[in-house]
Amino acid sequence: MSSPAPLPPNLIRVPSPLGGLELTGDDNDVWSLAIIRNGHLPFEGLPEVPNPLLDTAAVQLAEYFAGDRVSFDVPVRLCRGTVFQQSVWQGLAAIPFGSHLSYGELGRSIGKSGAGRAIGGAVGANPAPILIGCHRVLASNGRITGFSAGEGIPTKQWLLRHENIEYVG
């Protein structure tokens, strides 16, 4: 049995066009970004404890949503997953604003051809959507196959439209 994830030392909530966002982290890294889902955020019972790094992340997210930012330069902790998940998340982080890859292309880019289902699972486990652009991964035919953040597919559609990424459906 695995131990529960530690409570974050720092937490802030910010508004966005997608609804409320919740950022967690410490003085060195952003640990997670959650998008409100069914009216709830993961740590909604905890008080906010801001810090300069999370405040910077919030400013950068506001700039992204305003159309004034195409990349993020806040450090994101990507060490909470398996080695495979971490490699997928590093691959996601390399997909630039306004671009997309298929799950197969992402797998090939990290040396894991043929691991499409596992790639999809790792993409869905991304701890910091938007900051690490998991919305930029589509099926090989350009379709949206799912999205685990926010309200799911409608959230992904919004992010793809925001970045002028064409998709089918």
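The shown structure was predicted, so the numbers you read here are calculated from the model rather than taken from an experiment.

### Observations regarding the side chain of Asn10
Okay, so step 1: Relative to the helices and strands, Asn10 is located in strand 1 (residues 10–14).
Okay, so step 2: With relative accessibility at 9%, the residue Asn10 sits in the buried group.
Okay, so step 3: A distance of 3.3 Å separates polar atoms of two side chains, one belonging to Asn10 and the other to Asn51.
Okay, so step 4: Sequence-distant contacts of Asn10, that is, excluding residues within four places in its chain, are made with Leu23, Thr24, Gly25, Asp26, Asp27, Val49, Pro50, Asn51 and Leu54.

### Let's talk about the environment of Arg136
Okay, so step 1: Considering the arrangement of structural elements, one finds Arg136 in the loop between helix 4 (116–124) and strand 5 (137–138).
Okay, so step 2: Among residues more than four places away in sequence, those in contact with Arg136 are Ile95, Pro96, Phe97, Gly98, Ser99, His100, Leu101, Glu163 and Ile165.
Okay, so step 3: Separated by 2.9 Å, the side chain of Arg136 and the backbone oxygen of Ile95 make a polar contact.

### As for the nonpolar core
Okay, so step 1: One finds Leu23, Val30, Leu33, Leu61, Leu92, Ile130 and Leu131 to be the most contacted residues of the largest nonpolar core, which totals 38 residues.
Okay, so step 2: Put simply, the parts of the chain that give this core at least two residues each are strand 1, strand 2 (21–25), strand 3 (30–35), helix 1 (52–65), helix 2 (83–93), helix 3 (103–109) and helix 4.
Okay, so step 3: Not counting the four nearest positions on each side in its chain, Leu131 is found in contact with Leu23, Val30, Leu33, Leu61, Phe72, Val74 and Val76.

### Observations concerning the packing of helix 2 against helix 4
Okay, so step 1: It is the contact of helix 2 with helix 4, at a shortest axis distance of 9 Å, that shows an interaxial angle of 75 degrees. If you check the angle between helix 2 and helix 4, you find them roughly perpendicular. Only Ala118, Ile119, Ala122 and Val123 of helix 4 make contact with helix 2, whose side of the interface consists of Phe84, Gln85, Val88, Trp89 and Leu92.
Okay, so step 2: Residues of the contact of helix 2 with helix 4, tallied by class, amount to 8 nonpolar, 1 polar and no charged.

### Brief notes about the pairing of strand 1
Okay, so step 1: The buried fraction of strand 1 amounts to 4 of the 5 residues, a majority that puts the element mostly inside the structure.
Okay, so step 2: In the sheet, strand 1 pairs with strand 2 via 5 bridges, with the strands oriented antiparallel. Along strand 2, the bridge assignment pairs Ile12 with Leu23.
Okay, so step 3: Counting the residues between successive antiparallel strands, the hairpin from strand 1 to strand 2 contains 6 residues, one of them, Gly19, with a positive phi of roughly 110 degrees.

### What about the environment of Glu166?
Okay, so step 1: Tracing the backbone through its elements, the reader meets Glu166 in the segment after helix 5 (153–162).
Okay, so step 2: Taking the C-alpha atoms as reference points, Glu166 and His100, 66 residues apart in sequence, are found 8.8 Å from one another.
Okay, so step 3: With residues up to four places along the chain from it excluded, the contact list for Glu166 reads His100 and Leu138.

### Considerations on the state of the cysteines
Okay, so step 1: Enumeration according to the criterion identifies 0 disulfides in this entry.
Okay, so step 2: Cys79 carries a free sulfur, and the closest cysteine sulfur to it, the one in Cys134, is 18 Å from it.
Okay, so step 3: On the accessibility criterion, Cys134 (4% relative accessible area) is buried.

How each quantity is defined
- Residues numbered from 1 in each chain as written.
- Predicted model: local features only at pLDDT ≥ 70, side-chain atom pairs only at ≥ 80, totals over all residues.
- Heavy atoms only, no water.
- Helix = DSSP H or I, 4+ residues; strand = E, 2+ residues; numbered from the N terminus.
- Buried < 20%, exposed > 50% of the residue type's maximum accessible area, 1.4 Å probe, protein only.
- Polar contact = N/O pair within 3.5 Å; in protein donor to acceptor, adjacent residues only side chain to side chain.
- Contact = heavy atoms within 4.5 Å.
- Core = buried A, V, L, I, M, F, W, Y, C linked by side-chain atoms within 4.5 Å.
- Axes fitted to C-alpha atoms, helices over the stretch in contact; angles between N-to-C directions.
- Parallel < 35°, antiparallel > 145°, perpendicular 65-115°, else oblique.
- Nonpolar A, V, L, I, M, F, W, Y, C, P; charged D, E, K, R; others polar.
- Pairing = 2+ DSSP bridges.
- Disulfide = S-S within 2.5 Å.

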